[in-house]
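# Commentary on secondary and tertiary structure
Residue-level listing of the chains:
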Amino acid sequence: MGRAFVAGLAVLAALTGCTVQTPDGEGKRRSPVHIELPSDTPAPDGTPARGGDASSAAPAPDDDKPSAAPAPPRVLWSRGDTGRDVRELQARLRQVAWLFEGPTGTYGEQTERAVSGFQGKRGLPRTGKTDAVTWQRLVRMTREPGRWDLYLMGGQQADPPDARCRSGRVLCIDKTSRTLRWMIDGRTVSTMAVRFGSRGTPTREGVFSVYWKSRDHVSTLYDSPMPYAMFFSGGQAVHFSADFAARGYAGGSHGCVNVRDEQAIAELFVQVRNGDKVVVSW
């Protein structure tokens, strides 16, 4: 019967995760049951149980720590900036009908308002400043502006004057840079943007002279006003054009040299005399 009892106790120990202890080397009998704690059970003092791996106990993530906010996109241009890049921005805004003036090359109130409207339409923050994200979106929607898209209303720097303009009193007109220089004895007095005839009615090139001035002239051929007209070749004259002032290089003349700045040509009209030289060149 004693053997049967011991065998039953061993079976019970195996089923409960316990081991039966035999007497120690000194013949003293220890507790018949020794319970082994699981390796992941902490000891009373808070240290991992024997056999446990302290490094495997990863600390709980700190869910209360806020994540860093993404940096705002870099601002490329904003109100007050000037230059060729601003001209391109304005030319592209014109293509998508958010801007109707210029390009002027100056980031003013109208440009700021146009950028803000463009941003709001596309779900971007309406800052009115052209940041990298706004610029990339605009570039994807538009084409590369050409030279005269950038200078639609004038503002192109004048090329060096033709050699024939370097003496005397001369209206020095350059078709390449689309500018008119008023020069006296090689010195430039004033410069202004000009527009020329269309392909069917080109402005003639060569050396001419002013033969007639007409302050409030109206064309008898086209029934259109030609204020401050200074005729130099047949019916072709230098004069103010309201159409050029409104549309820029989107239009053209019937052969005349158009000026869009009314104040500038009004002052020029007073200074120019009949007989002054006119040079039209590329």
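See the structure printed just above.
Since the model is a prediction, treat every value here as computed from it, not as a measurement.

## Some points on the state of the cysteines
If you walk through the whole model with that rule in mind, you get one disulfide. Here cysteine 165 engages in a disulfide with cysteine 172; their sulfurs sit 2.2 Å apart. Classification of the bridge connecting cysteine 165 and cysteine 172 rests on its S-S torsion, roughly 80°, and on that basis the disulfide is right-handed. A single burial state applies to cysteine 165 and to cysteine 172, both of which are buried.

## Considerations on the packing of helix α2 (residues 84-95) against helix α3 (residues 109-121)
Viewed as axis vectors pointing N to C, α2 and α3 meet at an angle of 55°, and their least axial separation amounts to 11 Å. With respect to each other, α2 and α3 are oriented oblique. Taken as a pair, α2 and α3 cross one another with a handedness that is left-handed. Contact residues: Leu89, Gln90 and Leu93 in α2; Thr111, Ala114, Val115 and Phe118 in α3.

## Details of helix α7 (residues 262-271)
When we look at burial in α7, the residues that qualify are Ala264, Ile265, Leu268 and Phe269. All buried residues of α7 project into a common sector of 135° when viewed along the axis, lining one side. For α7, the exposed residues lying more than 90 degrees away from the buried face are Gln263 and Val270. Its side-chain oxygen placed 3.2 Å from the backbone nitrogen of glutamine 263, aspartate 261 serves as the N-cap of α7.

## Looking at the nonpolar core
Residues Leu171, Ile173, Leu180, Met230, Val238, Leu268 and Val278 are the most contacted members of the largest nonpolar core, which totals 23 residues. Elements that contribute at least two residues to this core include exactly β5 (169-174), β6 (179-184), β7 (187-195), β10 (225-233), β11 (236-240), β12 (257-259), α7 and β13 (277-281). Take this core: its biggest share by element is four residues, from α7. By size, the runner-up hydrophobic cluster in this structure holds 12 residues, among which are Leu89, Leu93, Ala114 and Phe118.

## Structural notes on the packing of α3 against helix α4 (residues 132-141)
Look at α3 against α4: their axes get within 11 Å of each other, and the N-to-C directions meet at 85°. Comparing the axis directions of α3 and α4 gives the class roughly perpendicular. Contacts from Val115, Phe118 and Gln119 of α3 reach α4 at Thr134, Arg137, Leu138 and Met141.

What counts and what doesn't
- Residues numbered from 1 in each chain as written.
- Predicted model: local features only at pLDDT ≥ 70, side-chain atom pairs only at ≥ 80, totals over all residues.
- Heavy atoms only, no water.
- Disulfide = S-S within 2.5 Å.
- Buried < 20%, exposed > 50% of the residue type's maximum accessible area, 1.4 Å probe, protein only.
- Axes fitted to C-alpha atoms, helices over the stretch in contact; angles between N-to-C directions.
- Helix = DSSP H or I, 4+ residues; strand = E, 2+ residues; numbered from the N terminus.
- Parallel < 35°, antiparallel > 145°, perpendicular 65-115°, else oblique.
- Left-handed = near helix turned anticlockwise from the far one by under 90°.
- Contact = heavy atoms within 4.5 Å.
- Arc of directions from axis to C-beta.
- Polar contact = N/O pair within 3.5 Å; in protein donor to acceptor, adjacent residues only side chain to side chain.
- Core = buried A, V, L, I, M, F, W, Y, C linked by side-chain atoms within 4.5 Å.

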